[in-house]
Amino acid sequence: MDKKKLALFLGMLCGDGCLTINTKSKGGYKTYAICFSNSNRDLMINFQDLFLKVFEVKGNHYTEFRESRKVTYSFRSYSREVFDRIVSLGFPIGLKKYKLRIPQIILNLSREEKILFLKGFIITDGSIRAQGNVLFHVATKKFLEDISNLIYELFNLRKPIKKYVQKGKYLSYQLLLNKKEAQEILNY
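On a predicted model such as this, the values are computed, not experimentally measured, just so you know.

Draft legend 1. Spatial organisation of the pairing of strand β6 (residues 134–138). Within β6, 4 of the 5 residues are buried, leaving the element largely enclosed by the surrounding structure. Bridge analysis of strand β5 (residues 126–128) against β6 gives 3 bridges, and the strand direction is antiparallel. Opposite G126, over in β6, you have F136 as the bridge partner. Between β5 and β6, which follow one another and run antiparallel, lie 5 residues, and G132 among them has a positive phi close to 100 degrees. Of the pairings in the sheet, the one linking β6 to strand β8 (residues 170–177) comprises 5 bridges and is antiparallel in character. Within β8, the position partnered with L135 by the bridge is L176.

Draft legend 2. Spatial organisation of the pattern of salt bridges. With the rule as written, the count across this model stands at 8 salt bridges. As a salt-bridge pair, R66 and E64 come within 4.0 Å of each other at their nearest N and O atoms. Assessed through its relative accessible area of 38%, E64 is described here as partly exposed.

Draft legend 3. Structural context of the sheet that holds strand β4 (residues 72–77). Taken together, 4 strands build an open sheet; the order of strands is β1-β2-β4-β3 and the sheet is antiparallel. Strand pairing shows two members of the sheet lacking a second neighbour, β1 (17–23) and β3 (60–64), which therefore form its edges. Going across the sheet, the axis of each strand differs from the next one's by a mean of 30 degrees, ignoring polarity. Each of β2 (30–38), β3 and β4 touches helix α2 (residues 41–55); the most contacted strand, β4, lies at about 10 degrees to it. Contacts from helix α3 (residues 80–88) reach β1 and β2, with the element oriented near 70 degrees to β2.

Draft legend 4. Representation of helix α7 (residues 179–186) in the model. Looking at α7, one finds that the buried residues are E181, A182 and I185. The buried side chains of α7 occupy one side of the element, clustering within an arc of 95 degrees when seen end-on. Projecting away from the buried face of α7 at angles above 90 degrees are the exposed residues K179 and K180. Considering only its buried residues, α7 is in contact with α5 (111–125), β6, α6 (141–155) and β8. Its side-chain oxygen placed 3.1 Å from the backbone nitrogen of K180, N178 serves as the N-cap of α7.

Draft legend 5. Spotlight on the sheet that holds β6. Reading across from one edge, β5-β6-β8-β7 is the order of the 4 strands in this open sheet, with antiparallel pairing throughout. Because the sheet does not close on itself, it has two edges, and the strands there are β5 and β7 (162–166). For this sheet, the mean angle separating the axes of adjacent strands, direction not counted, is 30 degrees. Seen against the sheet, α6 touches β6 and β8 and runs at an angle of roughly 10 degrees to β8.

Conventions used here
Residues numbered from 1 in each chain as written. Predicted model: local features only at pLDDT ≥ 70, side-chain atom pairs only at ≥ 80, totals over all residues. Heavy atoms only, no water. Buried < 20%, exposed > 50% of the residue type's maximum accessible area, 1.4 Å probe, protein only. Helix = DSSP H or I, 4+ residues; strand = E, 2+ residues; numbered from the N terminus. Pairing = 2+ DSSP bridges. Salt bridge = Lys/Arg side-chain N within 4 Å of Asp/Glu carboxyl O. Axes fitted to C-alpha atoms, helices over the stretch in contact; angles between N-to-C directions. Contact = heavy atoms within 4.5 Å. Arc of directions from axis to C-beta. Polar contact = N/O pair within 3.5 Å; in protein donor to acceptor, adjacent residues only side chain to side chain.

If you want it as structure tokens, here you go:
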């Protein structure tokens, strides 16, 4: 398994992917889905290509049109074997909000591979703003703490995490890299 491709894949999966188990009403059998959705078709195609290269299994892609919303491009594969392999790497099943952490395998990889993981997360769930800074805004505090620690390990940048309350009840967390810091990371 190509560790560089795996690292990028897992970064993208942490950003805009999920693992779900559903029970089909007809027959009652379970489906094990690896899913990825993004409003950028090229990112979804890149994810699909990485999936094929890393796991040697194909998936399908779909386009979803919703009224008053951006078009969403989705990838899905129903391979139980790949599903189980991804779970064994430490990726959570179902809602990631309270469970997502950087998979342990990433923490044991080389600096270059860790940077590829970070790149995968930045291109999917990071916001590269017009001013040149990068903003991460997520619901999972522990995962953002992991990202902050990874940035410190890789680039010696200690970044605080800010807590926000949205609509008076939803907690979310942000980490901001200024233009200079973002440029240093993005140059890789």
